[in-house]
Amino acid sequence: MSTLLPCIEIETEPNPAFAVIWLHGLGADGNDFVPLVPELALDDAPAVRFVFPHAPQIPVTGNGGYVMRAWYDILSFEGLNRRVDEAGILASRAAVGRLIERENERGIPSHRIFLAGFSQGGAMAYTTGLTYAATLAGIIALSAYLPAPHLITEALSEANRGTPIFAAHGTQDEILPLPLGEQAAAFARQCGNPLTWHAYSMPHAVCAEEIAALAVWLKARLRAQ
């Protein structure tokens, strides 16, 4: 992943002052959360560029080696202790970092860039955001977890210790059980990050109430800068 990841881009208005880099879940692609943009109702907020990258297509061991879009290989889906390919996580972290740098080159500083993600994409938002060298605007982690917490601990960024986080999870999530989301939230709080937590009666998905809460959280931070 030495080259820039292919992306879908949507701007709420011309000349955006902010960017949201949104990472999809396992087996999906950048199109997955494009319909979310109008639901956030950001018409009265500063202009935002949403960047929806496509993860590379790789064989996923835990899915019988089936080739799909994934940010890293998952060796086992069993229980709460998922086994993952840490080299793949580091490669994706670097690839997301290059997307942040491209936004910098296009005039949006890091402190106006949010990292967002769902499921495996949320895992990468946590892992990249908490270790990125420059201060970010925020981290959004939906139905997410920490695949390798020590990769964050070993490279924890002083610049992002105070970066705000919005985290939400479904109480009926059978793919990533609720305790995984709670563990990730507790870890981030221990790192010093102010974290807004929501749990909803839903499976491994998003719901309207969650998106409404995210819109309030995001607009408050867009208007504060």
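Just so you know, these numbers come straight off a predicted model, no measurement behind them. (Residues numbered from 1 in each chain as written. Predicted model: local features only at pLDDT ≥ 70, side-chain atom pairs only at ≥ 80, totals over all residues. Heavy atoms only, no water.)

Asks: Looking at this structure, I do not really get the pairing of strand β9 (residues 138–142). What am I missing?
Replies: A regular strand carries its side chains on alternate faces of the sheet. Within β9, five of the five residues are buried, leaving the element largely enclosed by the surrounding structure. A two-sided burial pattern is seen for β9, the buried positions comprising G138, I140 and L142 on one face and I139 and A141 on the other. Bridge count for strand β8 (residues 113–118) against β9 is five bridges, and the pairing is parallel. The residue bridging G117 from the neighbouring strand is A141, located in β9. Between the parallel pair β8 and β9, the chain is carried across by helix α3 (residues 120–129), and the sense of this crossover is right-handed. Examined bridge by bridge, β9 and strand β10 (residues 165–170) share four bridges and lie parallel to one another. Bridge pairing in β10 places L142 opposite A168. (Buried < 20%, exposed > 50% of the residue type's maximum accessible area, 1.4 Å probe, protein only. Helix = DSSP H or I, 4+ residues; strand = E, 2+ residues; numbered from the N terminus. Pairing = 2+ DSSP bridges. Right-handed = clockwise from strand over helix to strand, strands pointing away.)

Asks: Can you walk me through the pattern of salt bridges in this structure?
Replies: Between side chains of opposite charge, a pair can form when the charged atoms approach closely. What the rule picks out here adds up to seven salt bridges. E9 is the partner of R106 in a salt bridge, and the nearest nitrogen-oxygen pair spans 2.8 Å. Of the two residues, R106 is situated in the loop between α2 (86–105) and β8 and E9 in strand β1 (residues 7–11); the sequence distance between them amounts to 97 residues. When its relative accessible area of 35% is taken as the criterion, R106 is described as partly exposed. Residue class for E9 comes out partly exposed when judged on its relative accessible area of 33%. As a salt-bridge pair, R161 and E158 come within 2.9 Å of each other at their nearest N and O atoms. (Salt bridge = Lys/Arg side-chain N within 4 Å of Asp/Glu carboxyl O.)

Asks: For this particular structure, what's the right way to read the nonpolar core?
Replies: In a soluble, globular protein the nonpolar side chains are often hidden away together inside. In terms of nonpolar packing, the biggest core is built from 46 residues, with I21, Y72, Y126, Y145 and I165 touching the most fellow members. Residues within four places of Y72 in sequence aside, it is in contact with I58, V84, D85, G88, I89, Q120, A123, M124, Y145 and P147. Counting residues in hydrophobic clusters, the runner-up holds 29 residues, among them V20, L40, A137 and F166. (Core = buried A, V, L, I, M, F, W, Y, C linked by side-chain atoms within 4.5 Å. Contact = heavy atoms within 4.5 Å.)

Asks: Looking at this structure, I do not really get the side chain of H24. What am I missing?
Replies: Within the secondary structure, H24 is located in the loop between β2 (18–23) and α1 (36–39). Here H24 falls in the buried class, since its relative accessible area comes to 1%. Once residues lying within four places of it in the same chain are set aside, the contact partners of H24 are D29, G30, D32, P53, H54, A55, R69, W71, F118, Q120 and G121.

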